[in-house]
Amino acid sequence: MKPSQTDATERAIALLAQLVAFDTTSRNSNIDFIVFVERILADFGGVGTRTGIDGKANLLATIGPWVAGGVVLSGHTDVVPVDGQDWSSDPFVMRERDGKLFGRGTSDMKGFIACAMAAAPMFAEAGIRRPVHFALSYDEEVGCLGAPAMIEAMVRDVPAPAAVIVGEPSLMRIISGHKGLAHFDVLVSGKAAHSSLTHIGLSANDIAIRLMHILTELADQLQADADHGAGFEPPHATLTVGTIQGGTAVNILAESCRFRFDLRCLPDQDAETILAPFMEAVADLDRQMKARFPETGIVVRTAPHHVPAFRTEVGGYAEALVRKLTGDNRSSGVVPYGSEAGQFQGAGLSTVIFGPGSIEQAHQPDEFIERDQIAKCMDFMERLAKELAAA
């Protein structure tokens, strides 16, 4: 490893330790984290703007000329909770052992953010002719809630970027697609009565069971219709009921039942079309219930954290750029998890997922990223700086 790269890697690792120390679990504020990043980038000419809500902020900051054709380096600032996990050390104090850097968020995805920040002096000193935009979001882990406002501001206020690199952990391999994700909340309101008097009551649990049976049949059909050529594992859309709450006693007809389900579609599938039979059954059962007891019924709500699928771009510039800088001419991969990539792509921005660390470490106790992954990412950042300087 040449000296300049060694220095850059050590700078990134030092920054990562500082980023890990911020407990940005999604339930907490990320403002202190954002302020820290702003100050670092400002030292190298970074000019930033925030979007967000009380206690939460996205940061969009730019180094380089205010012209079109720049590259966006995107990462989320929040991490998942450590509650109930068996960590061998403090999750918010980074430790290094055997070439591995342990701490919450090291892989998902403060490692990439640290590398982007550590590359700021490279971008500033290279005399880049196209800008680098740092796009840091909040609440990705609870449904990609923060990014839409940041992307809207980017499209509205920033000279059109040519590429977005979402630095989710991919072991520095190109990822060009992922499934879409939607959560649904179903509330069934029945009429309570003694369990021996079914003629004067209506069990919300019984109605919910019928609806969940329809969902399991749909899930079986999705599995049967698997597209083995799409590259996903599993090779089909998945539909699962995650939570159920209903009833108060075994001898009382349940007055209410609530369940939530999760649908993950392949990029060429439409959630509304898949769920059409379910929604028809909901409407039919709702009419039957109200005919007996007008105060009863079924309400289906789509949870706010809808994550659009990320589709492989034919001839996309973002993927071509990463291939050029890495010399990677292998076929790109797809992943089952969701990210903000589909949101950037939906705004008309060429997008690719490419970042250090392994997704297998994400959300795990003793989460880690290998030092070598940080070094590889810094090598990529150096090449990116040269590319933007030559453009």
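Up top is the structure these notes are about.
A few points on the structure. Quantities reported herein were computed from a predicted structural model and do not represent experimental measurements.

1. With respect to the environment of Gly 201
(1) Moving on: Tracing the chain through its elements places Gly 201 in the loop between strand E9 (180-189) and helix H6 (204-224).
(2) Moving on: When its relative accessible area of 2% is taken as the criterion, Gly 201 is described as buried.
(3) Moving on: Remark: the alpha-carbon pair of Gly 201 and Ala 118, spanning 83 residues in sequence, is separated by 65 Å.
(4) Moving on: Among all residues touching Gly 201, those that are not within four sequence positions of it are Lys 191, Ala 193, Leu 253, Arg 292 and Phe 293.

2. Re the layout of surface pockets
(1) Moving on: Size it by volume and the largest pocket reaches roughly 400 Å³.
(2) Moving on: Glu 140, Glu 141, Tyr 337, Gly 338 and His 363 are, among the 20 residues lining the largest pocket, the residues nearest its centre.
(3) Moving on: Class assignment for the residues of the lining of the largest pocket results in 7 nonpolar, 7 polar and 6 charged.

3. Let's talk about the packing of aromatic side chains
(1) Moving on: Scanning the model with the defined rule gives 7 aromatic pairs in all.
(2) Moving on: An angle of 70° between the planes, with centres 5.7 Å apart, marks the rings of Phe 22 and Phe 33 as edge-to-face. Of this pair, Phe 22 sits in the loop between helix H1 (3-20) and helix H2 (31-42) while Phe 33 is found in helix H2, placing the two residues 11 residues apart along the sequence.
(3) Moving on: Seen from their ring centres, Phe 261 and Phe 278 are 5.4 Å apart, and the 75° between their planes marks the pair as edge-to-face. Taken as a pair, Phe 261 in strand E11 (residues 256-265) and Phe 278 in helix H8 (residues 276-292) lie far apart in primary sequence, 17 residues in all.

What counts and what doesn't
Residues numbered from 1 in each chain as written. Predicted model: local features only at pLDDT ≥ 70, side-chain atom pairs only at ≥ 80, totals over all residues. Heavy atoms only, no water. Helix = DSSP H or I, 4+ residues; strand = E, 2+ residues; numbered from the N terminus. Buried < 20%, exposed > 50% of the residue type's maximum accessible area, 1.4 Å probe, protein only. Contact = heavy atoms within 4.5 Å. 1 Å grid on protein atoms, 1.4 Å probe; cavity = no way out; pocket = protein on both sides within 12 Å on 5 of 7 lines; lining within 4 Å. Points joined across faces, edges and corners; volume = space filled by probe spheres on them. Nonpolar A, V, L, I, M, F, W, Y, C, P; charged D, E, K, R; others polar. Phe/Tyr/Trp six-rings, centres within 6.5 Å; stacked < 30°, edge-to-face > 60°.

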